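Single-letter residue listing:
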Amino acid sequence: MDVLLFGIAKDIVGESRLRLEGEHEDLLSVGQLKRFLKRKFPEFSNLSSFAVAVNSEYAEDDVPLGRNDEIAIIPPVSGG
Amino acid sequence: MDVLLFGIAKDIVGESRLRLEGEHEDLLSVGQLKRFLKRKFPEFSNLSSFAVAVNSEYAEDDVPLGRNDEIAIIPPVSGG
Amino acid sequence: MKKIIIEIVDTIDTSRVYSELSHAQSGGICVFIGSVREFTNKEAVVALEFETYKTMALKEMRKIADEAFSKWDLNKLVLRHATGIKKVEEPVVIVGASSAHRSECFEACRFLIDTLKDRVPIWKKEIFRNKTVWVSAHP
Amino acid sequence: MKKIIIEIVDTIDTSRVYSELSHAQSGGICVFIGSVREFTNKEAVVALEFETYKTMALKEMRKIADEAFSKWDLNKLVLRHATGIKKVEEPVVIVGASSAHRSECFEACRFLIDTLKDRVPIWKKEIFRNKTVWVSAHP
């Protein structure tokens with residue numbers, strides 16, 4: 001499962017795409033992915049907030065993650 | 001005393017400048033000028049409202065009129 | 001540094017308002033453009049004709065600009081009105097303000113156009129196919 | 001007849017927004033332009049850098065446009081954001097709406113920029129002389 005990273009999320013992880021291989025089995029929902037990221041990269045806990053998008057739509061914690069979904073981490077937006 | 005006319009006031013009077021000669025002696029204030037216009041051109045009474053400007057400033061009825069003032073009739077404005 | 005542009009012109013060039021309002025301390029610019037629309041109460045307008053008492057109109061526009069500067073923290077301001085005959089889709093008025101934050105420029109821009117329409121001695125005649133009407137003249 | 005323009009671009013051309021929003025049934029056009037301002041909390045910003053998740057950003061902008069059309073009686077609408085590095089006074093976002101009467105286009109324009117800033121996945125990095133900061137990232 002690949003996770004796209006933008007803005008400060010990209011800086012925290014150090015790359016613009018996070019490849020999750022073996023770990024993938026446990027990451028069945030948006031909520032699980034968020035918890036995984038906070039564990040693996042504690043810096044995520046310091047953000048004002050962060051959302052997850054599944055197939056380029058904001059997704060709540062209970063949204064399931066599929067192997068073919070486009071998944072992205074959306075740190076606090078600041079356009080305009 | 002010359003009175004500048006704009007918009008519908010110009011149409012009512014039929015010219016863009018009203019020359020008041022002999023009558024001038026009685027027209028000592030904005031209020032007197034307004035009453036005079038309504039008497040002489042009854043159409044003025046049908047307007048939503050009309051104001052008088054003295055030296056290009058809106059003037060209340062009690063403002064005196066001098067021979068050298070620039071006087072103008074301001075029918076309801078509708079710019080924009 | 002503060003700059004106010006006030007003009008009565010024959011033709012409005014909408015393309016230059018951004019550079020007129022752009023300012024190093026402005027994060028927001030709000031512009032309103034009023035243009036001729038085809039229908040007024042279901043009747044087709046052929047054109048609008050604007051007449052102005054120019055000296056007084058410029059004075060009143062200046063007062064509105066000063067009032068806006070005293071009410072909001074603004075960097076630049078434009079108030080420009082056209083005169084003469086304007087056809088459908090042609091711009092007749094453009095007002096705008098620039099400020100550090102967006103609330104100020106939105107509120108100021110709305111104030112500029114509302115107050116201009118309320119006070120500035122400019123008159124609009126609607127030209128229909130068979131008649132002409134001075135807008136707002138009668139109750 | 002209704003037309004929505006939604007774009008993410010390298011450079012914003014502010015001069016063409018009037019013709020994009022002009023419409024025979026529109027008497028009012030309201031435009032907001034966001035630009036880079038020099039000072040943020042007293043520190044001099046050298047430039048801003050915008051990054052976007054483009055597919056999603058365009059989708060969200062589209063939703064905002066549809067929402068605006070459902071809330072107000074609008075004829076045309078523009079939502080355009082820039083990406084990349086923008087220097088002081090350069091435009092970074094332009095939104096606008098045109099409608100028969102002015103209230104609608106003002107309210108819609110304010111809604112467009114407020115909602116865009118709230119929801120659209122675009123990120124702004126402030127570039128100062130000695131550091132860079134992702135805006136709003138931390139509490």
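Here is a short report on the structure shown in this document.

The subject of this paragraph is the overall build of chain A. Scanning chain A from N- to C-terminus turns up 2 helices and 5 strands. Counted from the first residue to the last, chain A has its helices and strands arranged as β-α-β-α-β-β-β. Here chain A has a C-alpha radius of gyration of 12 Å; the compact-globule value for 80 residues is 12 Å, and the two agree. Considered along the principal axes of its C-alpha atoms, chain A spans approximately 35 × 25 × 20 Å. Looking at the 80 residues of chain A, the share that counts as buried comes to 51%. Taking as baseline every contact in chain A between residues at least 6 positions apart, the subset at least 24 positions apart corresponds to 45%.

Attention now moves to the arrangement of the chains. Once contacts are tallied for each of the 3 pairs of chains in contact, the highest total is for chains C and D. With respect to C-alpha atoms, chain A approaches chain B no nearer than 29 Å, and the pair has no contact.

Right, let's talk about the sheet that holds strand β2 (residues 28–35) of chain D for a bit. Strand order in the open sheet made by the 8 strands is β1(C)-β6(C)-β8(C)-β2(C)-β2(D)-β8(D)-β6(D)-β1(D), with mixed pairing throughout. A strand with exactly one partner marks an edge of an open sheet, and here the two such strands are β1 (3–9) of chain C together with β1 (3–9) of chain D. When the angles between neighbouring strand axes are averaged without regard to direction, this sheet yields 10 degrees. Docked against the sheet, helix α2 (residues 54–71) of chain C engages β1 and β6 (76–82) of chain C, running at close to 155 degrees with respect to β1(C). Strands in contact with helix α3 (residues 102–119) of chain C are β2 (28–35), β6 and β8 (91–99) of chain C together with β2 of chain D; relative to β8(C), the strand with the most contacts, it is inclined by about 150 degrees.

For the pair chain D and chain C, the relating rotation is 180 degrees, the translation along its axis is 0.0 Å, and the fit reaches an RMSD of 0.0 Å. The two molecules are tied by a two-fold rotation axis, judged by turn and shift. Measuring from the rotation axis to each C-alpha of chain D, the shortest distance belongs to D:Ser15, at 2.1 Å. When the interface residues of chain D are mapped onto chain C, 100% of them again fall at the interface, so both copies present the same face.

Moving on, we get to the interface of chain C and chain B. Taken together, the contact between chain C and chain B spans 27 residues of the former and 25 residues of the latter. At the junction of chain C and chain B, the tally comes to 3 salt bridges. Note that B:Glu57 is salt-bridged to C:Lys63, the shortest N-O span being 2.4 Å. Inspection of the region where chain C meets chain B yields 20 residue pairs in polar contact (both at pLDDT 80 or more). Listed by contribution, the elements that provide at least two residues to the side of chain C that touches chain B are β5 (47–52), α2, β8, α3 and β9 (122–127) of chain C. Here the side of chain C that touches chain B gets 5 residues from one element, more than from any other, and that element is α2(C). Tallied by class, the residues present in the side of chain C that touches chain B amount to 14 nonpolar, 5 polar and 8 charged.

What follows is about the interface of chain D and chain C. Each side of the interface is counted separately: chain D has 36 residues, and chain C has 36 residues. Across the chain D/chain C interface, buried area totals approximately 3,000 Å², and carbon plus sulfur atoms make up 52% of it. If you sort the residues of chain D by the area they bury against chain C, D:Tyr18, D:Arg102 and D:Phe106 come out on top, with a joint share of 22%. Viewed at the interface, chain C and chain D are joined by 2 salt bridges. Put simply, C:Asp114 and D:Arg102 hold a salt bridge, and the shortest N to O gap is 2.8 Å. The tally of links between chain D and chain C comes to 21 residue pairs in polar contact (both at pLDDT 80 or more). The element that contributes the greatest number of residues to the side of chain D that touches chain C is helix α3 (residues 102–119) of chain D, accounting for 9 residues. Looking at the side of chain D that touches chain C residue by residue, the classes come out as 16 nonpolar, 12 polar and 8 charged. Sheet topology places β2(C) next to β2(D); 7 bridges connect them, and they run antiparallel. By the bridge assignment for β2(D), C:Cys30 is matched with D:Phe32.

Positive phi, normally seen in glycine, also occurs at D:Glu89, with a value near 80 degrees. Within the chain, D:Ser136 stands out as a residue other than glycine whose phi angle is a positive 70 degrees.

Moving on, we come to the sheet that holds strand β7 (residues 84–87) of chain C. All names here are of chain C. Pairing is antiparallel in the open sheet, where 4 strands are placed in the order β7-β5-β9-β10. The open sheet has two edge strands, β7 and β10 (132–134), and neither has a second partner. Averaged over all pairs of adjacent strands, the angle between strand axes in this sheet comes to 25 degrees, irrespective of strand direction.

The next subject is the nonpolar core. Judged by nonpolar contacts, the single largest core of 65 residues is most densely connected at C:Leu79, C:Val95, D:Leu79 and D:Val95. Once residues lying within four places of it in the same chain are set aside, the contact partners of C:Leu79 are C:Ile5, C:Ile6, C:Glu7, C:Met61, C:Ile64, C:Ala65, C:Ile94, C:Val95, C:Leu112 and C:Leu116.

A few words on the packing of aromatic side chains. This model, assessed by the stated rule, comprises 12 aromatic pairs over all chains. Note on B:Phe6 and C:Tyr53: the rings are 4.7 Å apart at their centroids and 25 degrees apart in plane angle, and the pair reads as stacked. Taken together, the residues B:Phe6 in the loop between β1 (2–5) and α1 (7–13) and C:Tyr53 in the loop between β5 and α2 connect one chain to another. An identical accessibility class is assigned to B:Phe6 and C:Tyr53; each is buried. For the pair B:Phe6 and C:Trp123, a centre-to-centre distance of 5.1 Å together with 5 degrees between the ring planes defines the contact as stacked. On the criterion of chain membership, the pair formed by B:Phe6 in the loop between β1 and α1 and C:Trp123 in strand β9 is interchain, its members lying in two chains. As far as the burial class goes, B:Phe6 and C:Trp123 line up, both buried. Through pairs of rings, three or more aromatic residues link up here, namely A:Phe6, D:Tyr53 and D:Trp123.

Conventions used here
Residues numbered from 1 in each chain as written. Chains lettered and ligands numbered in written order. Predicted model: local features only at pLDDT ≥ 70, side-chain atom pairs only at ≥ 80, totals over all residues. Heavy atoms only, no water. Helix = DSSP H or I, 4+ residues; strand = E, 2+ residues; numbered from the N terminus. Rg over C-alpha atoms; globule rule 2.2 N^0.38 Å. Buried < 20%, exposed > 50% of the residue type's maximum accessible area, 1.4 Å probe, protein only. Contact = heavy atoms within 4.5 Å. Pairing = 2+ DSSP bridges. Axes fitted to C-alpha atoms, helices over the stretch in contact; angles between N-to-C directions. Least-squares fit on C-alpha atoms with pLDDT ≥ 70 in both. Salt bridge = Lys/Arg side-chain N within 4 Å of Asp/Glu carboxyl O. Polar contact = N/O pair within 3.5 Å; in protein donor to acceptor, adjacent residues only side chain to side chain. Nonpolar A, V, L, I, M, F, W, Y, C, P; charged D, E, K, R; others polar. Buried area = accessible area lost by both parts, 1.4 Å probe. Core = buried A, V, L, I, M, F, W, Y, C linked by side-chain atoms within 4.5 Å. Phe/Tyr/Trp six-rings, centres within 6.5 Å; stacked < 30°, edge-to-face > 60°.

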